Amino acid sequence: MQKKKLWLILAIVVVILLSFLVWLAPSATTGSNATSNSLIPSAQDSTALRATDTGLSSRVVQPFVSPSQQDTEINCQISLDQSQRLIVNEQTRNCFEYFITQYGEKQLEQIKQDFAVYMQKGYQEPALNQIIDLWNRYLDYRVQLGNLQEPNLNKQDPEYFRKVFGLIKNLRNQFFSNYEIEGLFGAENIYHEYTLNRMSILADQSLSEIEKAQKLKALFAQLPEDWRENLEQLSKLEDLRKLTADIKARSGSSAELRQMRMNLVGAEATQRLEQLDQERGQWKSRVNDYLAQRDQILKSHMSESAQQQAIAQLRQQQFKHPQEQLRLGTFETTHDSGGKLPFAE
């Protein structure tokens, strides 16, 4: 569950930074030893209850859900401490967001009323008042989030995104306490900070690709373990592609490429990448040689049927595996149309 929710955060990061209008923000769970209260409506409501591994969840028809949510479960597993006071965490935000996603099918005032009624059926004071108070402030925050003014900076500049994130953090400070901010947005903030720092390193013209690789590896090591597990493949792959492209664009040496890889992913991964480079180089040479011979056949004075027979024989001689022949078809089509051959870089 933790990994799934972490991946959901990644999916909306770019939307948050570019557009400010974040109406469908996902979340990541934060561990808690507190008890968890799942809302159970009263018997007069049309309700289907079922037990899950995280507690009781309720499937409720109108008025608590919108038409598009009829086949979903209300995602409200609010945590309370032993004094029956609200614990603010990502489950709290999940609950708020479930109701907010009804906007468009319901008016905002209707959503607010439905939320209040739903909470009254499952919670008593002091938790009820705390939940409703935080809910109202969260709604106001979401409205104001859409009114933030875009920084007058180039969107390709990492500073643009840092300014955006700064505006969002300042807005949160207006509506929530430090404890509430950590509970609602703590996991999301970790990824934002990592992404911004990563962008700054990649854009730093004073650093070589080798130095960037060192700094990126150190930055990645600072992430919490669960984030490293989820981001390792994606982050390192993107960094490798970017730094490799930069080295090749300036005709850097193979020694530079190797040292960059060593700094970023270590000796074993570098060895595997070099083996992959060798295999790709061999494939590229074989394809180019085949296409050159194929062109000669097509330019010959043989009949069309003889040409096709000669090409089929050439293909069979140089590419014996069916998978290779299948890949080769794409290169033939691209070559004949004058496009850039789709070799992996």
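Quick note: structure is the one above.
Calculation rules
- Residues numbered from 1 in each chain as written.
- Predicted model: local features only at pLDDT ≥ 70, side-chain atom pairs only at ≥ 80, totals over all residues.
- Heavy atoms only, no water.
- 1 Å grid on protein atoms, 1.4 Å probe; cavity = no way out; pocket = protein on both sides within 12 Å on 5 of 7 lines; lining within 4 Å.
- Points joined across faces, edges and corners; volume = space filled by probe spheres on them.
- Helix = DSSP H or I, 4+ residues; strand = E, 2+ residues; numbered from the N terminus.
- Nonpolar A, V, L, I, M, F, W, Y, C, P; charged D, E, K, R; others polar.
- Phe/Tyr/Trp six-rings, centres within 6.5 Å; stacked < 30°, edge-to-face > 60°.
- Salt bridge = Lys/Arg side-chain N within 4 Å of Asp/Glu carboxyl O.
- Buried < 20%, exposed > 50% of the residue type's maximum accessible area, 1.4 Å probe, protein only.
- Axes fitted to C-alpha atoms, helices over the stretch in contact; angles between N-to-C directions.
- Parallel < 35°, antiparallel > 145°, perpendicular 65-115°, else oblique.
- Contact = heavy atoms within 4.5 Å.
- Expected span 1.5 Å × (residues − 1).
- Arc of directions from axis to C-beta.

Novice: I keep staring at the layout of surface pockets and nothing clicks. Help me out?
Specialist: In this approach the atoms are scanned with a rolling probe the size of a water molecule, which exposes any empty space left behind. The computed volume of the second largest pocket comes to approximately 530 Å³. Contributing elements (two or more residues each) for the lining of the second largest pocket: α8 (225–249), α9 (254–265) and α10 (267–298). Split by residue class, the lining of the second largest pocket holds seven nonpolar, two polar and nine charged.

Novice: Just checking my understanding: could you explain the packing of aromatic side chains for this structure?
Specialist: Both the distance between ring centres and the angle between the ring planes are used here to describe each pair of aromatic rings. Overall, the coordinates contain 24 aromatic pairs when judged by the stated rule. Seen from their ring centres, Phe-115 and Trp-135 are 4.0 Å apart, and the 15° between their planes marks the pair as stacked. Of the two residues, Phe-115 is situated in helix α3 (residues 108–120) and Trp-135 in helix α4 (residues 127–145); the sequence distance between them amounts to 20 residues. Consider the rings of Trp-283 and Phe-331, whose centres lie 5.9 Å apart with planes at 70°: the pair is edge-to-face.

Novice: Would you explain the pattern of salt bridges in this entry?
Specialist: Any two side chains of opposite charge can pair, on the condition that their charged atoms come close. Evaluation of the coordinates by the stated rule reveals 21 salt bridges. The closest approach of N and O atoms between Arg-142 and Glu-97, which form a salt bridge, is 2.7 Å. Within this pair, whereas Arg-142 is found in helix α4, its partner Glu-97 is found in helix α2 (residues 90–100), the two being separated by 45 residues in sequence. The burial state of Arg-142 is the same as that of Glu-97; both residues are buried. Across the salt bridge formed by Arg-137 and Asp-133, the nearest N and O atoms sit 2.9 Å from each other. Placement of both Arg-137 and Asp-133 in helix α4 is noted, with a separation of four residues, approximately one turn of the helix. Salt bridges sharing common partners tie together Arg-294, Arg-315, Glu-332 and Asp-336.

Novice: Explanation requested: the packing of helix α7 (residues 209–221) against α9 in the structure shown.
Specialist: Each pair of packed helices can be summarised by the angle the axes make with each other and by the distance between the axes. Two elements in contact, α7 and α9, have axes whose closest approach is 8 Å; the angle formed by their N-to-C orientations is 10°. Considering the angle they form, α7 stands roughly parallel to α9. Side by side, α7 and α9 meet where Glu-209, Ile-210, Ala-213, Gln-214, Leu-216 and Lys-217 of the first sit next to Glu-256, Gln-259, Met-260, Asn-263 and Leu-264 of the second. When grouped by side-chain class, the residues that make up the contact of α7 with α9 number five nonpolar, three polar and three charged.

Novice: Looking at this model, I keep getting lost on unusual backbone geometry. Mind explaining?
Specialist: Residues other than glycine predominantly adopt negative phi, and peptide bonds predominantly adopt the trans conformation. Following Glu-125, the chain continues to Pro-126 via a peptide bond in cis, the omega torsion being 5°. By the element assignment, Pro-126 lies in the loop between α3 and α4. Positive phi, close to 60°, is recorded for Gln-84, a residue that is not glycine. Relative to the helices and strands, Gln-84 resides in the loop between β4 (77–80) and β5 (86–87).

Novice: Please clarify how the environment of Ile-190 should be interpreted in this entry.
Specialist: Considering the arrangement of structural elements, one finds Ile-190 in helix α6 (residues 178–203). Residue classification places Ile-190 among the partly exposed positions, given a relative accessible area of 33%. For the pair Ile-190 and Trp-227, spaced 37 residues apart in sequence, the C-alpha to C-alpha distance is 8.8 Å. When neighbours within four sequence positions are excluded, Ile-190 is seen to be in contact with Leu-223, Pro-224 and Trp-227.

Novice: Just to check I follow, could you spell out helix α12 (residues 322–336) for this structure?
Specialist: Note on helix geometry: an α-helix contains 3.6 residues per turn, so any two residues three or four positions apart are oriented the same way. Compared with an ideal rise of 1.5 Å per residue, which puts 15 residues at 21 Å, α12 spans 21 Å between its outermost C-alpha atoms and is within 8% of the ideal. For α12, the set of buried residues is Glu-324, Leu-328, Phe-331, Glu-332 and Thr-334. Down the axis of α12, the buried set is contained in an arc of 165°. They therefore lie on one face. When the buried face of α12 is taken as reference, the exposed residues oriented beyond 90 degrees from it are Pro-322, Gln-323, Leu-326 and Thr-333. The elements touched by buried residues of α12 are α10 and α11 (304–318). Remark: Gly-338 follows α12 within two positions and exhibits a positive phi of approximately 85°.

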